[in-house]
Every structure is written in C-alpha cells, then in structure tokens.
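Breakdown of the fold
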Amino acid sequence: MIAHTIYRNENSIEWVTFVHGAGGSSSIWFKQIREFQKHFNVLLLDLRGHGESKPNLKNGFKQKYTFQSIAQDVYEVIDYLKIESSHFVGISLGTIVIRQLAEMYPTKVKSMIMGGAILKMNFRSQILMRLGNIFKYVLPYLVLYRFFAFVIMPKKNHKQSRLLFINEAKKLYQKEFIKWFKLTAEINPVLKWFRQVEVNIPTLYVMGEEDYMFLPSVKQVVENHVKTAQLYIIQNCGHVVNVEQPAIFNEKVIGYLKSQK
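The rules behind each value
- Residues numbered from 1 in each chain as written.
- Predicted model: local features only at pLDDT ≥ 70, side-chain atom pairs only at ≥ 80, totals over all residues.
- Heavy atoms only, no water.
- Salt bridge = Lys/Arg side-chain N within 4 Å of Asp/Glu carboxyl O.
- Helix = DSSP H or I, 4+ residues; strand = E, 2+ residues; numbered from the N terminus.
- Buried < 20%, exposed > 50% of the residue type's maximum accessible area, 1.4 Å probe, protein only.
- Phe/Tyr/Trp six-rings, centres within 6.5 Å; stacked < 30°, edge-to-face > 60°.
- Lys NZ or Arg CZ within 6 Å of the ring centre and 35° of its normal.
- Pairing = 2+ DSSP bridges.
- Axes fitted to C-alpha atoms, helices over the stretch in contact; angles between N-to-C directions.
- Parallel < 35°, antiparallel > 145°, perpendicular 65-115°, else oblique.
- Contact = heavy atoms within 4.5 Å.
- Nonpolar A, V, L, I, M, F, W, Y, C, P; charged D, E, K, R; others polar.
- Arc of directions from axis to C-beta.
- Polar contact = N/O pair within 3.5 Å; in protein donor to acceptor, adjacent residues only side chain to side chain.

**Observations concerning the pattern of salt bridges**
Under the criterion given, the structure shown has five salt bridges. A salt bridge links Glu103 to Arg99; its shortest N-O distance comes to 2.6 Å. With a gap of four residues between them, Glu103 and Arg99 both fall in helix α4 (residues 93-104), about one helical turn apart. For Glu103, a relative accessible area of 31% puts it in the partly exposed group.

**Overview of the packing of aromatic side chains**
Overall, the coordinates contain four aromatic pairs when judged by the stated rule. Note on Phe36 and Phe40: the rings are 6.5 Å apart at their centroids and 35 degrees apart in plane angle, and the pair reads as tilted. As far as the burial class goes, Phe36 and Phe40 line up, both buried. Where Tyr75 meets Tyr105, the ring centres are 3.8 Å apart and the plane angle is 10 degrees; that geometry is what we call stacked. Taken together, the residues span a long stretch of sequence, with Tyr75 in helix α3 (residues 67-80) and Tyr105 in the loop between α4 and β5 (109-115) at a distance of 30 residues. An aromatic cluster of three or more residues is present, and its members are Phe18, Trp29, Phe36 and Phe40. In this structure, Arg48 packs its charged tip against the face of Tyr65, placed 4.6 Å from the ring centre.

**With respect to the sheet that holds strand β6 (residues 203-208)**
The strand order across the open sheet built from seven strands is β1-β3-β2-β4-β5-β6-β7, with neighbouring strands paired in mixed fashion. Looking at which strands have only one partner, the edges of the open sheet turn out to be β1 (4-7) and β7 (229-234). Along the sheet, successive strands turn relative to each other by an average axial angle of 20 degrees, direction set aside. With four bridges joining them, β1 and strand β3 (residues 41-45) adopt antiparallel strand pairing.

**With respect to unusual backbone geometry**
One non-glycine residue, Lys82, lies in positive phi territory at about 60 degrees. By the secondary structure assignment, Lys82 is in the loop between α3 and β4 (86-91). Backbone geometry places Asn236, a non-glycine residue, at a positive phi of 50 degrees. If you trace the backbone, Asn236 turns up in the loop between β7 and α11 (241-244).

**Re the packing of α3 against α4**
Contact geometry for α3 and α4: axes closest at 9 Å, N-to-C directions at 80 degrees. Taken as axis vectors, α3 and α4 run roughly perpendicular relative to one another. Residues Phe67, Gln68, Ile70, Ala71, Gln72, Val74 and Tyr75 of α3 form the contact with α4, whose participating residues are Leu93, Ile96, Val97, Gln100, Leu101 and Met104. Looking at the contact of α3 with α4 residue by residue, the classes come out as 10 nonpolar, three polar and no charged.

**Regarding helix α10 (residues 215-224)**
Residues of α10 that are buried: Leu215, Ser217, Val218, Val221 and Val222. Down the axis, α10 shows its buried residues gathered within 155 degrees of arc, on one side only. Exposed residues pointing more than 90 degrees away from the buried face of α10 are listed as Pro216, Glu223 and Asn224. Buried residues along α10 sit in contact with α9 (187-196), β6 and β7.

**Overview of the side chain of Ser86**
Here Ser86 lies in strand β4. For Ser86, the side chain forms a polar contact with the main-chain oxygen of Trp15, separated by 3.2 Å. Other than its neighbours up to four places away in sequence, Ser86 contacts Trp15, Val16, Thr17, Lys108, Val109, Lys110 and Ser111.

Written out as structure tokens, the structure reads:
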C-alpha cells in the first residue's frame, strides 16, 4: 500500500484527499494542510515511487505503470481507511489519476478539484515528450526533469514551484522516473476520452493565467462540460497554483467544497 498521512478534524465527517503530480510528493501540499484541516479530515498520499512510497520488490517486477494501476493504489488506501467517499484535490498529473479513479469508482469521488489540470498535450508538450523519450535512457533523469520544469514553468514568479518539484524529483530513482515517463505513451487516448466524456461529479478546475500549455484545453472542456464543470483562473500564476498562490487557492477551493454539502 502506498504511503499516506491523515490529519483528522473531530468536528467533520467530510474527507479531502490530496493527489500530487509526477516527481512531487505529498509535501507539496504544506500550504494547504492547516487551512483545510479546519473544515475537513485531510488525507495526503505519496504515489508509488514518490515520497515515502518507495519502490518495493512487487512493483519492481511490474512491466509498466498505467493510470488504472495508479488509481487502484489510491482506491486501496481509501478502502483500507473505510472512507465511503471523499473530495479529491489534484495538481498536474495528479488530476489525471483523480479522473481515472472517478471512471473506475465514481461513488468514492464526491467532487474533483483539478489544479493545473492536464486535459490535452499541445504541440509544444508533444515535442517535449518525444525529446524525453529519445533521451530518457541517455541523460540523467534530473537533467530531463529540470528541462521540463523550465519549459512548463518558465517565468520568474514560477521559480518556487520549479525548485520544489526539482527537489522532490531528486528523491526518485532513475528506473522509477522512466516507468512514470512511459505513462506518456498512453496519455493521449486517455485524455481524449476524458475530454469527450463528462462524468456526473462536480468538478472545479483551478488554473493559472500563465499556464500556457494546459489552460486553453481546459477552457474548451469546461465550455462543453456545462453540467458539472466550473473554471477559476488565478491571475499572475503559472502551473502549480497551490504553491504559487496558496491563499487564493485555499479560499476558492474550500469555499467550493463547502458549497457541495
């Protein structure tokens, strides 16, 4: 079972589960824990190979990772803790994991908060992934990761997010990075399906105004998914919205979650 941490609120029966992105860990939510715990029970997860979820012998023999298997990891924790349903907050690739979980276990997902959501790989990100596939066995993974971080979060005000993710990525193993990177081979058909199919779960997309890679596709999806989806754009903010503008992120998301009652 993947590593997880609980922060309980004795006055609430509501749960909020946080899912980080590739190369990060549950530590990226440090600016959220205190505020969210005032209102909810909080569950932090370290996805396989990240943070305290170190690779084990069983995972070492798995040929590749899939979004289904990673979502199943999340479900196992929820099931083990006997959480009937939870709100889910994700960032970057973590939003794909949450959407996959909603596909597999919709009754477990009360609402979805998609921060820096990835719904489509634009031309630039497609080139980025191809370059990564070419060099993933040649270059040390941290060189690639630094390059990706600068392309996705290029501005001066994105520096804190960049450094946080690079420092977290240092804790990965080369083989683990490659397994996660190979997920990009299946990402396009998965994202296409998610764009086309609207699940009946309240969804709030929280995007940075400067998230030039992923914001355009999110705008388009929200226009089509009118029954369940809302979009909130944070000004002067890049991809990692919860780190760059935590006060705005916390206020908007907590307000949205409380309205779901």
